[in-house]
Amino acid sequence: LVLIFRFFPREFSFIALFKEQVTHSVAASALLKELALKGVVDHYNLERIHHIEHEGDDVAHKIIDQLNKSFITPFDREDILSLAKKIDDIVDTLDAIISRLNIYKINRIDNNLVQFSMVIDESVKAIAIAVSGLNNTKNSKAIKEACIEVNRLENVGDAMRDTFLGNLFETENNPIELIKWKEIYQDAETVLDICEDVANIVESIMVKHS
Amino acid sequence: LVLIFRFFPREFSFIALFKEQVTHSVAASALLKELALKGVVDHYNLERIHHIEHEGDDVAHKIIDQLNKSFITPFDREDILSLAKKIDDIVDTLDAIISRLNIYKINRIDNNLVQFSMVIDESVKAIAIAVSGLNNTKNSKAIKEACIEVNRLENVGDAMRDTFLGNLFETENNPIELIKWKEIYQDAETVLDICEDVANIVESIMVKHS
Amino acid sequence: LVLIFRFFPREFSFIALFKEQVTHSVAASALLKELALKGVVDHYNLERIHHIEHEGDDVAHKIIDQLNKSFITPFDREDILSLAKKIDDIVDTLDAIISRLNIYKINRIDNNLVQFSMVIDESVKAIAIAVSGLNNTKNSKAIKEACIEVNRLENVGDAMRDTFLGNLFETENNPIELIKWKEIYQDAETVLDICEDVANIVESIMVKHS
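The end-to-end C-alpha separation of helix α4 (residues 111–132) of chain A is 32 Å, in line with the 32 Å expected for 22 residues at 1.5 Å each. In terms of burial, α4 of chain A is largely enclosed, as 16 of its 22 residues are buried.

Next comes the structure, spelled out in structure tokens:
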């Protein structure tokens, strides 16, 4: 009985921490979408994304600390570690994009980034469903569907990046503007790659426990 | 006896899958060489590399699925996972280079990339020898030689990238052309880095089983 | 008693190798600082950094070989592997920066890189303290302080990169010069990110053994 009390809180607390961690990813992608639609990043919103990034970082550190102190974990140790790091990478990359928009003094976010921000927001929401569902094997169908959606959106993002880069190199004569947007589009696509990595880890965890 | 029958098919099937996976790497590097010599990437060949990339991806997923379902593996689990991911990265990066040549509308591939494509092709062929040889400890000498060759070619690639970038920055006055080729040369060198990572994993597996 | 004799040499030899490995990181960051203050990279110093990089590489290979041959390790196997790779990445990235300064024919290193080189040098020295301290639990306070310092310097580096990039995009009208310095500043910041990764691994090892 004592053992049961020791084990279960740990299981549930890992998943609770992951749930908390993905809320910061969801907040960050919602903010990117909001700012893309607004068209500009001001100092107030720069502080907001940095704040979200710090909070996400704190949860990632909590997960890794708990992992290091736990003998028994609900999933394989390396899956917990990879999951915590990759979810952290989502917020980090979103923070990098929003910071770049500010540093590069971009005062009219283009429609391409608006489209990217919508796809990213959908993907991150699907990630939240997949990660939060890990507490119950009943969720396996919903998790699987969410992971398929993340993979689909990664392909959408690949095609968007290729189209946007192609247009950029064809129409942008100012090389300094080209450098800015090339980096921003590539970072936006990277967010979708990281979401796919997260989905792959979640799927691995599912397969091991099926 | 039952256990023996359970174990061996698994061992052989992992190596069979890796053998299959590297055939896609070999096909991708042969295609880059073919296109570099031809001088241009058309839509038909763009579809070909995407097709190879998808097939390689499927094998990588099969390996990871089988890994997640197996209690007993021929090598350490983390080596199998890293090997599958890194071999996948070879094709992904080759696909990225060929896609860029198309997106950037490069209609005359330069001699530098021809040279890179030949070194990459040699390195990927050596990787195929090393990975395919893992089914038999008798191959250890051939594997070791292939890994040494991959390391040598990575150094060749480093020197090529440095020379080509130096020339590019000295002679290319059009910054947009410079941006295109800088990325292509750096990605080409990255393929050789990834091949070296694969060789290092193969060598680790060898040392653990010697 | 035999067991004790078997265990301890192994423990100490891993830590001795890590100590040796970080001396190469310290040498590389000291060289970057020296060259940044001098203002230019000549062939003699290019050979020096390549030499340091090769020596660091040799130690990393020794650590991985010993890991592959050891059944008992002082820390978790994956921590030893990550630590060896990440410390290797420090020297590799410093080598890449110094090589770029030469390839891009930069004959007046700017004050921004001087500042970066000083922060990097401090961070790498803190890494050396943290890594070398792993041989004795008595060092835990000093290790913890060194890791906090590395984290602080990573934040300093982030702010420096953002400021320097902002100024660069505002004042540099020559896109080719902008491309060069953008890459150099970003690589400099990457060194501090890698140092933070090293500090995180050291902290994980500490938590597991406390």
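Next up on the list: the packing of helix α2 (residues 43–69) of chain A against helix α3 (residues 77–103) of chain A. All names here are of chain A. Put simply, α2 and α3 touch, their axes get as near as 10 Å, and they point 170° apart. Classed by the angle they form, the pair α2 and α3 counts as roughly antiparallel. In this structure, α2 crosses over α3, and the sense of that crossing is left-handed. The class makeup of the residues in the contact of α2 with α3 is 13 nonpolar, six polar and six charged.

Expressed as a screw transformation, the operator carrying chain B onto chain A has a rotation angle of 120° and an axial translation of 0.0 Å, and the superposed copies differ by an RMSD of 0.0 Å. Such values leave the two copies arranged in the relation of a three-fold axis. Considering only C-alpha atoms, the residue of chain B closest to the rotation axis is proline 175 of chain B, which sits at 3.7 Å. With a heterologous cut-off of 20% or less, the 14% of interface residues of chain B that recur at the interface of chain A puts this contact in the heterologous class.

Take the interface of chain A and chain C next. The parts lose accessible area when they come together, and the size of an interface is often stated as this lost area. Residue-level contacts link 14 residues of chain A with 17 residues of chain C. At the boundary of chain A with chain C, total buried surface from both sides reaches about 1300 Å², with 63% on carbon and sulfur atoms. It is Asn68, Ile103 and Ile176 of chain A that lose the most area in chain A upon contact with chain C, and together they represent 38% of the buried surface on that side. At the surface where chain A touches chain C, the tally comes to three salt bridges. In this structure, glutamate 170 of chain C engages lysine 105 of chain A in a salt bridge whose closest nitrogen and oxygen atoms are separated by 3.1 Å. Counting across the chain A and chain C interface gives four residue pairs in polar contact (both at pLDDT 80 or more). If you list the elements that add at least two residues to the side of chain A that touches chain C, you get α2, α3 and α6 (175–208) of chain A. Residue classes in the side of chain A that touches chain C are distributed as six nonpolar, two polar and six charged.

Okay, the pattern of salt bridges next. Oppositely charged side chains are able to pair whenever their charged atoms sit close together. Scanning the model with the defined rule gives 49 salt bridges over all chains in all. With a closest N to O distance of 2.8 Å, lysine 182 of chain C and glutamate 183 of chain A form a salt bridge. Taken together, the positions of lysine 182 of chain C in helix α6 (residues 175–208) and glutamate 183 of chain A in helix α6 put the pair across two chains. Each member of the pair, lysine 182 of chain C as well as glutamate 183 of chain A, carries the same accessibility label: buried. Across the pair arginine 161 of chain B and aspartate 162 of chain B runs a salt bridge, and its minimum N-O distance is 3.1 Å. With a relative accessible area of 14%, arginine 161 of chain B lands in the buried category. Taking the relative accessible area as the measure of exposure, aspartate 162 of chain B reaches 21% and is therefore partly exposed.

Of the residues lining the interface, 14 residues belong to chain B; the matching set on chain A comes to 17 residues. A per-residue breakdown of the area chain B buries against chain A is headed by Asn68, Ile103 and Ile176 of chain B, which together make up 38% of the total. Inspection of the region where chain B meets chain A yields two salt bridges. Counting every contact that joins chain B to chain A gives four residue pairs in polar contact (both at pLDDT 80 or more). Going through the elements one at a time, α2 (43–69), α3 (77–103) and α6 (175–208) of chain B are the ones with two or more residues in the side of chain B that touches chain A. Residue composition of the side of chain B that touches chain A, grouped by class: six nonpolar, two polar and six charged.

Turning our attention to the relation of the copies chain A and chain C. Least-squares fitting of chain A to chain C yields an RMSD of 0.0 Å, with the transformation described by 0.0 Å of translation along the axis and a rotation of 120°. Residue by residue, only 14% of the interface of chain A is reproduced at the interface of chain C, so the copies engage with different surfaces.

On to α6 of chain B. All names here are of chain B. End to end, α6 covers 49 Å across 34 residues, agreeing with the expected 50 Å (1.5 Å per residue, within 8%). Taking burial as the measure, the 34 residues of α6 include 24 buried ones, the bulk of the element. For α6, the side-chain oxygen to backbone nitrogen distance between the N-cap and isoleucine 176 is 2.9 Å, and the N-cap itself is asparagine 174.

Before going further, it helps to examine the packing of aromatic side chains. Enumeration over the complete set of coordinates arrives at twelve aromatic pairs over all chains. Taken together, a centroid distance of 4.3 Å and an interplanar angle of 40° make the contact between phenylalanine 169 of chain A and tyrosine 104 of chain B tilted. A residue pair is termed interchain when its members come from two chains, as with phenylalanine 169 of chain A in helix α5 (residues 140–171) and tyrosine 104 of chain B in the loop between α3 and α4 (111–132). Exposure remark for phenylalanine 169 of chain A: the relative accessible area of 11% places this residue in the buried category. Considering the side-chain rings of tryptophan 181 of chain C and tyrosine 185 of chain C, the 5.7 Å spacing of their centres and the 40° angle between planes classify their relative orientation as tilted. Taken as a pair, tryptophan 181 of chain C and tyrosine 185 of chain C lie in helix α6 at a separation of four residues, close to a single helical turn. Accessibility expressed as a relative area gives 7% for tryptophan 181 of chain C, which makes it buried. Residue classification places tyrosine 185 of chain C among the buried residues on the basis of a relative accessible area of 2%. An aromatic cluster is present here, built from Phe116, Phe164, Trp181 and Tyr185 of chain A joined pairwise through their rings.

So, on to the environment of arginine 108 of chain A. Considering the arrangement of structural elements, one finds arginine 108 of chain A in the loop between α3 and α4. Distance from arginine 108 of chain A to threonine 137 of chain A, taken between C-alpha atoms, is 46 Å for residues 29 residues apart in sequence.

Basis of the calculations
- Residues numbered from 1 in each chain as written.
- Chains lettered and ligands numbered in written order.
- Predicted model: local features only at pLDDT ≥ 70, side-chain atom pairs only at ≥ 80, totals over all residues.
- Heavy atoms only, no water.
- Helix = DSSP H or I, 4+ residues; strand = E, 2+ residues; numbered from the N terminus.
- Expected span 1.5 Å × (residues − 1).
- Buried < 20%, exposed > 50% of the residue type's maximum accessible area, 1.4 Å probe, protein only.
- Axes fitted to C-alpha atoms, helices over the stretch in contact; angles between N-to-C directions.
- Parallel < 35°, antiparallel > 145°, perpendicular 65-115°, else oblique.
- Left-handed = near helix turned anticlockwise from the far one by under 90°.
- Nonpolar A, V, L, I, M, F, W, Y, C, P; charged D, E, K, R; others polar.
- Least-squares fit on C-alpha atoms with pLDDT ≥ 70 in both.
- Contact = heavy atoms within 4.5 Å.
- Buried area = accessible area lost by both parts, 1.4 Å probe.
- Salt bridge = Lys/Arg side-chain N within 4 Å of Asp/Glu carboxyl O.
- Polar contact = N/O pair within 3.5 Å; in protein donor to acceptor, adjacent residues only side chain to side chain.
- Phe/Tyr/Trp six-rings, centres within 6.5 Å; stacked < 30°, edge-to-face > 60°.

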